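# Architecture and fold: a report
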Amino acid sequence: MYDYDLLVVGSANADLVIGVERRPAAGETVLGSDLAVHPGGKGANQAVAAARLGARTALLARVGDDAHGRLLLDAQRAAGVDTAGVLAGGAPTGVALITVDPSGDNSIVVSPGANGRLTPEDIRSADRLLRSSRVVSAQLEIPLETVLEVVRNLAPGSRFVLNPSPPRALPPELLAACDPLIVNEHEARVILGSSGAGDAPEDWARALLAHGPRSVVVTLGARGALVASAAEVTRVPSVRVDAVDTTGAGDAFTAALAWKLGAGAALAEAAAYAARVGAAAVTRPGAQESFPTAAEVAAV
């Protein structure tokens, strides 16, 4: 028996959000709304999203010993996330600077702060958490060598899910552990690099599979998603809603997918559910505060 349905290993940031009529061009200044501060970071977001859905969730991350760090810990605990694996100190809490335009699209710049101090040794010291988790999810807002250490310390029979954001070239050892690798169009193109893959998402998915992942999910925004394994490539339709703010929607999708896979769902079934979770999340502003409960997803 596993103690946790999902262990998220990743970043925890304070999101500093400003609404803008349009994003500035190079060298341009624009006026925005009042500054809002929210708990965020891809790792922390995924942990809260899974816990809201009812998953037994733990977070392994590092924050600063500061007000932003306390904000993040409070938000995790309020959502029901086990924070025993959250370390404090070493650098200020990471910060994400986010602009959101009237269509709900966002642009993000991240200062990693304490996220960059989450080390391979921290992973080895968290052996109990790793061996108690059915599914382990990670992103790339923490050092790559730390993510590699995660896959080297997975419990037998557990499943590893990676959202490679921000994207970069990935070593074969990491790719081979992914089941699935979850990417959007931009991330797919960065990982594939100069090898290219054609213009169709199906081509990207097949090319990514050839690099070693056991399965691949390509998210396509309003066009839905597709899932790919050695057996087949399948389209997953989108769920149409009126988007207010897309911040955190990808994290909600990843968390829901990882949880459903751990519960025994097939990849296409898990992705279809995750699409509904992501759709529900974009109908409200913010990241963690927009994540739906299972009952709210059922109403979408």
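The structure reproduced in this document is the subject of the present report. (Residues numbered from 1 in each chain as written. Predicted model: local features only at pLDDT ≥ 70, side-chain atom pairs only at ≥ 80, totals over all residues. Heavy atoms only, no water.)

### Topic: the packing of aromatic side chains
The tally for this structure, following the rule as stated, stands at one aromatic pair. Considering the side-chain rings of W259 and Y273, the 6.4 Å spacing of their centres and the 65° angle between planes classify their relative orientation as edge-to-face. A residue pair is termed long-range when its members are at least 10 positions apart, and W259 in helix 9 (residues 249–262) and Y273 in helix 10 (residues 267–281) qualify at 14 residues. In this structure, W259 and Y273 share a single accessibility class: buried. Across the ring face of W259, the terminal group of K260 is positioned such that the distance to the ring centre comes to 5.1 Å. Against the face of Y273 rests K260, its NZ or CZ located 4.5 Å from the ring centre. (Phe/Tyr/Trp six-rings, centres within 6.5 Å; stacked < 30°, edge-to-face > 60°. Helix = DSSP H or I, 4+ residues; strand = E, 2+ residues; numbered from the N terminus. Buried < 20%, exposed > 50% of the residue type's maximum accessible area, 1.4 Å probe, protein only. Lys NZ or Arg CZ within 6 Å of the ring centre and 35° of its normal.)

### Some thoughts on the sheet that holds strand 3 (residues 36–40)
Read across the open sheet, the four strands follow the order 3-2-6-7; overall the sheet is mixed. What marks the edges here is a single partner per strand, and that holds for strand 3 and strand 7 (106–111). Neighbour-to-neighbour, the strand axes of the sheet open up by a mean angle of 25°, direction not taken into account. In this sheet, strand 6 (residues 94–100) lies alongside strand 2 (residues 13–19) in parallel orientation, the contact comprising seven bridges. Bridge pairing in strand 6 places G19 opposite V100. Helix 2 (residues 67–79) contacts strand 2, strand 3 and strand 6 of the sheet and is inclined by roughly 60° relative to strand 3. (Pairing = 2+ DSSP bridges. Axes fitted to C-alpha atoms, helices over the stretch in contact; angles between N-to-C directions. Contact = heavy atoms within 4.5 Å.)

### Things to note about the pairing of strand 2
Extensive coverage of strand 2 is indicated by the burial of five of its seven residues. Where strand 2 meets strand 3, five bridges bridge the pair, whose relative direction is antiparallel. Pairing of N13 across the sheet is with G40, part of strand 3.

### Re the packing of helix 1 (residues 42–53) against helix 2
Two elements in contact, helix 1 and helix 2, have axes separated by 9 Å at closest approach and are oriented at 20°. Between helix 1 and helix 2, the crossing angle belongs to the class labelled roughly parallel. Here helix 1 and helix 2 pass one another in a crossing that is left-handed. Only A75, Q76 and A79 of helix 2 make contact with helix 1, whose side of the interface consists of A44, A47, V48 and A51. Grouping the constituent residues of the contact of helix 1 with helix 2 by class yields six nonpolar, one polar and no charged. (Parallel < 35°, antiparallel > 145°, perpendicular 65-115°, else oblique. Left-handed = near helix turned anticlockwise from the far one by under 90°. Nonpolar A, V, L, I, M, F, W, Y, C, P; charged D, E, K, R; others polar.)

### A few points about unusual backbone geometry
Glycine aside, residues mostly have negative phi angles, and peptide bonds mostly take the trans form. For the bond running from S165 to P166, omega is -5°, close enough to zero to count as cis. One can find P166 in the loop between strand 9 (159–162) and helix 6 (172–177).

### Re the side chain of S137
Along the chain, S137 falls in strand 8 (residues 133–138). For S137, a relative accessible area of 1% translates into the label buried. Beyond its immediate stretch of four places on either side in the chain, S137 contacts L6, L7, V8, V9, Q46, V161 and T254.

### Describing the side chain of T83
Secondary-structure assignment places T83 in strand 5 (residues 82–88). Note on T83: relative accessible area 12%, which makes it buried. Contacts of T83, omitting those with residues within four sequence positions, involve L73, Q76 and R77.

### Quick look at the nonpolar core
Formed by 45 residues in total, the largest nonpolar core has its most connected members in L53, L59, V217, F253, L257, Y273 and V277. Look past the residues within four positions of Y273 in its chain and what remains in contact with it is L53, A256, W259, K260, A294 and V297. (Core = buried A, V, L, I, M, F, W, Y, C linked by side-chain atoms within 4.5 Å.)

### Focus on the packing of helix 9 against helix 10
Viewed as axis vectors pointing N to C, helix 9 and helix 10 meet at an angle of 145°, and their least axial separation amounts to 8 Å. Crossing of helix 9 over helix 10 shows right-handed handedness. Contact residues: A249, A252, F253, A256, L257, W259, K260 and L261 in helix 9; L267, A270, A271, Y273, A274, A275, V277, G278 and A281 in helix 10. Tallied by class, the residues present in the contact of helix 9 with helix 10 amount to 15 nonpolar, one polar and one charged.

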